[in-house]
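Here are the chains, one letter per residue:
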Amino acid sequence: MRVGVLLSGRGSNLQALLDAGAASWNVALAISNEPDAPGLARAGTAGVPTRTVPHRDFPDRPAFEEALDAALRAAEIELVVLAGFMRVLGPDFVARWRDRSVNIHPSLLPAFRGLDTHRRALEAGVRWHGCTVHFVRAELDAGPIVLQAAVPVRPDDTEESLAARVLAREHHVLPMAVGWIAEGRVRVEDERVVAVDPGDSSVNPSQ
Ligand code: GAR
């Protein structure tokens, strides 16, 4: 499966995808809305084609998203991964890529949608925090959940230490979720992600 990654910055989740490699999928394109995103260099180093689609160059969101969509289609992308892509996507783009786009978010959704998740988790006093890979829907940071990983919140945690613990888990669950999708092991049913084979013990770990 040809995977297209949308990013805006550092690109460590893109790197995790590049490092994971798999027979069933490969990163075929990386697109950034920020021209100087370090993630673009990571893709270049790995020999993955890159595109810059700066949102500021377009008169409005639909025009920006049309350009994103055109780049993805030109590269024959089959699955879009939002990996630190810091733009909200509109309903047309989301509908076009419905169940063919996932996002990684640094919280245990539906808790802490939006920004500053680690600070807000510390402020809320939660004992567990984590990350979520979910199919993209028009509502921000919402959609059928593919995979989550939880980490403990320690009494002496700072925003930085907690972010680092969560990020390590992001790098694990994102390639895993992409693999499940590429291998056709999960599907969306009634807005829930279910295992195609109910006996698949890694998708349904309790079985
Ligand atoms: C990651 O923590 C990702 O979960 C988060 O941005 C970071 C990107 O890091 N995404 C969001 O907050 C989207 N709502 P990276 O560029 O090193 O992958």
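Everything numeric in this text was worked out from a predicted model, so none of it was measured.

Caption draft 1: Region of interest: the overall build of the chain. Scanning the chain from N- to C-terminus turns up six helices and nine strands. For the chain, whose C-alpha radius of gyration is 17 Å, the value lies close to the compact-globule estimate of 17 Å for 207 residues. Seen through its principal axes, the chain has C-alpha atoms that stretch 45 × 40 × 35 Å. Within the chain, the fraction of its 207 residues that count as buried is 47%.

Caption draft 2: Spotlight on unusual backbone geometry. Of note, the bond from L109 into P110 is cis; its omega dihedral lies within 30 degrees of zero at 10°. Its place among the elements puts P110 in the loop between strand 5 (101-105) and helix 5 (117-124). The backbone of D99 sits at a positive phi, close to 60°, despite the residue not being glycine. Relative to the assigned elements, D99 resides in the loop between helix 4 (91-96) and strand 5. With phi around 55°, F112 is a residue other than glycine that occupies positive phi space. Tracing the backbone shows F112 in the loop between strand 5 and helix 5. F112 gets classed as buried once you look at its relative accessible area, which sits at 17%.

Caption draft 3: Molecular detail of helix 1 (residues 12-20). Of the positions making up helix 1, those classed as buried are S12, N13, L14, A16, L17 and L18. Structurally, helix 1 contributes buried residues whose contacts are with strand 1 (2-7), strand 2 (26-32), helix 2 (38-45), strand 4 (79-82), strand 5 and helix 6 (159-182). Phi turns positive, to about 45°, at G21, one or two residues after helix 1.

Caption draft 4: Region of interest: the site of the ligand. By nearness alone, every residue bordering the ligand is listed as R10, G11, S12, N13, G84, M86, I104, H105, P106, D141, L167 and E170. Within the side chain of R10, a nitrogen or oxygen atom sits 2.5 Å from an oxygen atom of the ligand. Between the ligand and E170, the relevant distance is 2.7 Å, taken from an oxygen atom to a side-chain nitrogen or oxygen of the residue. The protein chains hide 88% of the 450 Å² of surface that the ligand would expose on its own. Under a 2 Å grid-point criterion requiring more than half of the atoms, the pocket assigned to the ligand is the largest pocket. Counting residues per element, the ones that place at least two in the shell around the ligand are helix 1, strand 5 and helix 6.

Caption draft 5: Inspection of the sheet that holds strand 3 (residues 50-52) at higher detail. If you trace the seven strands from one edge of the open sheet to the other, you get 3-2-1-4-5-6-7, paired in mixed fashion. With partners counted over all chains shown, the strands left at the sheet margins are strand 3 and strand 7 (145-152), one partner each. Across this sheet, the average inter-strand angle for adjacent strands is 20°, counted without regard to direction. For strand 4 and strand 5, the ladder comprises three bridges, and the chain directions are parallel. Within strand 5, the residue paired with L82 across the bridge is N103. Docked against the sheet, helix 3 (residues 61-74) engages strand 1, strand 2, strand 3 and strand 4, running at close to 155° with respect to strand 2.

Caption draft 6: The layout of surface pockets, seen in detail. Considering only enclosed or pocket space, the largest pocket measures out at about 920 Å³ in volume. As for the largest pocket, its lining consists of 38 residues, of which G84, F85, M86, I104 and P106 are closest to the centre. Of all the secondary structure elements, the ones that give two or more residues to the lining of the largest pocket are helix 1, strand 5, helix 5 and helix 6. Looking at which element gives the most residues to the lining of the largest pocket, the answer is helix 6, with four residues. By volume, the second largest pocket is sized at about 150 Å³. Lining of the second largest pocket is provided by R61, P62, E65, E66, D69, G90, P91, D92, F93 and R96. Those elements that provide at least two residues to the lining of the second largest pocket are helix 3 and helix 4.

The rules behind the values
- Residues numbered from 1 in each chain as written.
- Predicted model: local features only at pLDDT ≥ 70, side-chain atom pairs only at ≥ 80, totals over all residues.
- Heavy atoms only, no water.
- Helix = DSSP H or I, 4+ residues; strand = E, 2+ residues; numbered from the N terminus.
- Rg over C-alpha atoms; globule rule 2.2 N^0.38 Å.
- Buried < 20%, exposed > 50% of the residue type's maximum accessible area, 1.4 Å probe, protein only.
- Contact = heavy atoms within 4.5 Å.
- Near = heavy atom within 4 Å.
- Polar contact = N/O pair within 3.5 Å; in protein donor to acceptor, adjacent residues only side chain to side chain.
- Areas by Shrake-Rupley, 256 points an atom, 1.4 Å probe, with all protein chains shown as cover.
- 1 Å grid on protein atoms, 1.4 Å probe; cavity = no way out; pocket = protein on both sides within 12 Å on 5 of 7 lines; lining within 4 Å.
- Sits in = over half its atoms within 2 Å of the grid points.
- Pairing = 2+ DSSP bridges.
- Axes fitted to C-alpha atoms, helices over the stretch in contact; angles between N-to-C directions.
- Points joined across faces, edges and corners; volume = space filled by probe spheres on them.

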